[in-house]
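Notes for the structure review
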Amino acid sequence: MIRKKSIEDIDLKGKKILMRVDFNVPLDNGNVRDDTRIRAALPTIEFLLKNGARLVLVSHLGRPKGEKTPELKLDPVAKRLTELLGKRVEKIDYTIGPEVEARVASMNDGDILMLENVRFYREEEDNDSDFARTLAKPYDLFVNDAFGTAHRAHASTAGVAEYIPALAGLLMKKEIEELSRCLEEPGRPLTAILGGAKVSDKINVIRRFLELADNLLVGGGMANTFLVAAGYNLGASYHEQEQLSLASDLIATSKISRCRMVLPSDLVVTEDLKQNSNYKVLAPEEINGNWKAVDIGPKTFTMFGSIIKESSMIVWNGPLGVFEVPPFDRGTAEVAAAIAESSAYSVIGGGDLVAALEKLKLSDQIDFISTGGGATLEFWEGKELPGITALKDK
Ligand code: ADP
Ligand code: MG
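Computed from a predicted model, the values in this text were never measured in an experiment. (Residues numbered from 1 in each chain as written. Chains lettered and ligands numbered in written order. Predicted model: local features only at pLDDT ≥ 70, side-chain atom pairs only at ≥ 80, totals over all residues. Heavy atoms only, no water.)

Topic: the site of ligand 1
Surveying the vicinity of ligand 1 reveals 19 residues, the closest of which are Ala197, Lys202, Glu324, Asp352 and Leu353. In this structure, an oxygen atom belonging to ligand 1 sits 3.4 Å away from a side-chain N or O atom of Asn317. For ligand 1, an oxygen atom lies 2.8 Å from a polar atom in the backbone of Asp352. Elements with a contribution of two residues or more to the shell around ligand 1: α8 (220-229), β14 (292-296) and α12 (351-359). Per-class residue counts for the shell around ligand 1 are 7 nonpolar, 9 polar and 3 charged. (Near = heavy atom within 4 Å. Polar contact = N/O pair within 3.5 Å; in protein donor to acceptor, adjacent residues only side chain to side chain. Helix = DSSP H or I, 4+ residues; strand = E, 2+ residues; numbered from the N terminus. Nonpolar A, V, L, I, M, F, W, Y, C, P; charged D, E, K, R; others polar.)

Side note on the state of the cysteines
Taken as a whole and judged by the stated rule, the model has 0 disulfides. Cysteine Cys182 is unpaired, with the sulfur of Cys259 as its nearest cysteine sulfur at 15 Å. Look at Cys182 and you get buried, because its relative accessible area is 1%. (Disulfide = S-S within 2.5 Å. Buried < 20%, exposed > 50% of the residue type's maximum accessible area, 1.4 Å probe, protein only.)

Re the environment of Ala192
On the secondary structure map, Ala192 appears in strand β9 (residues 190-194). Taking the C-alpha atoms as reference points, Ala192 and Trp316, 124 residues apart in sequence, are found 5.8 Å from one another. For Ala192, the contacting residues outside a window of four places in its chain are Phe209, Ala213, Asn215, Leu216, Leu217 and Val315. (Contact = heavy atoms within 4.5 Å.)

Looking at the pairing of strand β15 (residues 313-317)
Of all 5 residues in β15, 5 are buried; the element is thus mostly enclosed. Here β15 shows two buried faces, one formed by Met313, Val315 and Asn317 and the other by Ile314 and Trp316. Pairing between β9 and β15: 5 bridges, direction parallel. Among the inter-strand pairings, Leu194 is bridged to a residue of β15, identified as Asn317. Both β15 and strand β16 (residues 345-349) contribute to a ladder of 5 bridges, which runs parallel. Directly across from Val315, in β16, lies its bridge partner Val347. Since β15 and β16 lie parallel, the crossover through helix α11 (residues 330-341) that links them has a hand, and here it is right-handed. (Pairing = 2+ DSSP bridges. Right-handed = clockwise from strand over helix to strand, strands pointing away.)

Some remarks on the nonpolar core
Across soluble globular proteins, nonpolar side chains have a tendency to be buried as a group. With 95 residues, the main nonpolar core has Phe23, Ile45, Leu57, Leu81, Phe209, Leu216 and Phe226 as its most contacted residues. When residues of this core are sorted by domain, at least three fall in each of domain 1 (7-171) and domain 2 (178-381). Setting aside its immediate chain neighbours within four residues, Leu57 contacts Met19, Val21, Phe23, Ile45, Leu81, Ile112, Leu113, Met114 and Leu115. Formed by 23 residues, the second largest nonpolar core is a distinct cluster that contains Ile296, Ile348, Leu353 and Leu362. (Core = buried A, V, L, I, M, F, W, Y, C linked by side-chain atoms within 4.5 Å. Domains from an automatic or database assignment.)

Quick notes on α12
Here α12 has its buried residues at Leu353, Val354, Ala356 and Leu357. Down the axis of α12, the smallest arc covering the buried residues is 160 degrees, so these residues share one side. Where the residues of α12 are buried, they touch β15, α11, β16 and β17 (368-369). At the exit of α12 stands Lys361, carrying a positive phi of roughly 55 degrees. (Arc of directions from axis to C-beta.)

Topic: the domain arrangement of the protein
Considered domain by domain, the protein is made up of domain 1 (7-171) and domain 2 (178-381). On a C-alpha basis, the centroid separation for the pair domain 1 and domain 2 is 35 Å. At the interface, 6 residues of domain 1 touch 9 residues of domain 2. Taken together, both faces of the contact between domain 1 and domain 2 bury some 600 Å²; the carbon and sulfur share is 68%. For the interface between domain 1 and domain 2, the tally reads 0 salt bridges. Connecting domain 1 to domain 2 are 0 residue pairs in polar contact (both at pLDDT 80 or more). (Buried area = accessible area lost by both parts, 1.4 Å probe. Salt bridge = Lys/Arg side-chain N within 4 Å of Asp/Glu carboxyl O.)

A look at the packing of aromatic side chains
Counted according to the given criterion, the structure contains 4 aromatic pairs. Consider the rings of Tyr121 and Phe131, whose centres lie 5.2 Å apart with planes at 40 degrees: the pair is tilted. Of the two residues, Tyr121 sits in the loop between β6 (112-114) and α4 (122-126) while Phe131 sits in helix α5 (residues 129-136), which places them 10 residues apart along the sequence. Residue Tyr121 shares its accessibility class with Phe131, and that shared class is buried. Ring centres of Tyr279 and Phe328 lie 5.9 Å apart, and the angle between their planes is 85 degrees; on these two criteria the pair is classed as edge-to-face. Taken as a pair, Tyr279 in the loop between β12 (267-270) and β13 (280-282) and Phe328 in the loop between β15 and α11 lie far apart in primary sequence, 49 residues in all. Above the ring of Tyr121, the side-chain terminus of Lys68 is found at 4.7 Å from the ring centroid. Its guanidinium or amino end placed over the ring of Tyr345, Arg181 lies 4.5 Å from that ring's centre, counting from NZ or CZ. (Phe/Tyr/Trp six-rings, centres within 6.5 Å; stacked < 30°, edge-to-face > 60°. Lys NZ or Arg CZ within 6 Å of the ring centre and 35° of its normal.)

Overview of the sheet that holds β15
Spatially, the 6 strands line up as an open sheet ordered β11-β10-β9-β15-β16-β17, and their pairing is parallel. Only two strands of the sheet have a single partner each, and these edge strands are β11 (260-262) and β17. Both β9 and strand β10 (residues 215-218) contribute to a ladder of 4 bridges, which runs parallel. Bridging from a neighbouring strand, Ile193 pairs with Leu217 of β10. Against the sheet, α12 touches β15, β16 and β17, its axis set at about 115 degrees to β16. (Axes fitted to C-alpha atoms, helices over the stretch in contact; angles between N-to-C directions.)

Describing the packing of helix α1 (residues 36-50) against helix α2 (residues 75-85)
Two elements in contact, α1 and α2, have axes separated by 11 Å at closest approach and are oriented at 65 degrees. For the pair α1 and α2, the crossing hand works out as right-handed. From α1, Ile38, Arg39, Leu42, Ile45, Glu46 and Leu49 reach across to α2, where they touch Val77, Arg80, Leu81, Leu84 and Leu85. The residue makeup of the contact of α1 with α2, split by class, is 8 nonpolar, no polar and 3 charged. (Left-handed = near helix turned anticlockwise from the far one by under 90°.)

What follows is the structure in structure tokens.
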């Protein structure tokens with residue numbers, strides 16, 4: 001188990017703290033459209049302020065690629081955080097330099113300040129050591145609460161930790177605990193559900209769960225690639241031609257593994273992928289011509305549901321169909337409903353699946369929703385995440 005020092009382990013009073021948050025939120029006309037990521041950091045922010053820290057927040061927003069881009073300034077985020085916190089969050093137009101140093105030097109215990117978008121500097125993503133040193137200079141401590149960017153070795157996620165002691169925030173701590181639990185103390189039977197578009201995005205996660213899980217249920221575009229590799233035609237369905245031999249290898253691995261891999265036995269197909277277009281349900285061997293498989297069918301979600309019912313832990317990444325286009329969100333919704341009914345402990349991760357369950361208003365049925373997309377996948381793969389490695393060991 002990864003054990004890292006957190007903000008609960010030290011005296012915070014009077015400490016000048018630089019905290020990396022993931023406030024990379026969607027904006028709409030200069031307003032925050034979805035504040036989930038801001039709310040996820042509130043417990044850490046409130047804990048630090050209550051304990052007398054002098055707190056300075058740093059985040060990226062969008063992909064300014066080293067250019068000072070007016071639409072990607074963090075002012076709307078500071079405004080939203082002010083509302084959520086019920087306390088004014090001052091935002092300054094600088095990230096490093098004398099203006100920041102002067103402002104931090106005049107802070108009092110319990111004050112909070114937000115810096116400008118750290119990706120306005122090219123040195124951030126290059127993890128430039130001079131930039132990291134300058135970024136760290138005004139502070140006593142670094143706190144990382146940005147789990148969603150922990151798989152990146154950037155100056156504000158990893159580099160700064162060379163210059164000041166680095167601790168986990170409460171969100172970071174919780175992510176590490178919850179995601180490790182699935183790998184290290186899984187409830188049995190452990191069922192992994194994998195969907196989403198591509199096998200190629202998730203090869204190592206598939207491998208890992210073939211070793212670790214008791215059941216691996218596959219849906220989404222990824223399942224199409226496996227079915228084509230298994231010899232079905234699948235008509236005009238989305239699949240990855242270049243991944244067919246890898247998919248065959250993974251199927252072969254599953255045959256000798258104790259993990260049972262379950263591919264869809266029926267699929268919802270349409271000729272025209274738009275809202276409420278005509279569709280039908282076919283077995284894989286019945287699909288041909290212009291039909292596209294866009295969701296798992298009723299036999300499949302019923303089968304998945306009965307496996308879920310017998311499971312004691314569930315991990316899930318990736319939607320099981322083209323959930324953006326109803327009714328092809330049904331497979332994802334039915335599986336989420338089965339999880340809601342089961343007594344299994346459930347953990348999900350991945351940007352699109354989280355968005356799908358939000359849209360279906362089913363996210364409150366899940367025990368833990370990871371804030372990471374790529375970071376969650378890399379954690380489950382067993383990769384080292386630079387933003388976590390940089391934190392002090394407990
Ligand atoms: P996540 O972000 O949860 O990890 P991915 O990014 O891997 O998920 O995949 C999400 C995308 O997969 C969605 O845009 C969805 O429309 C697409 N998808 C799911 N099933 C299919 C399918 N059968 N055919 C084509 N695309 C699909
Ligand atoms: Mg995605």
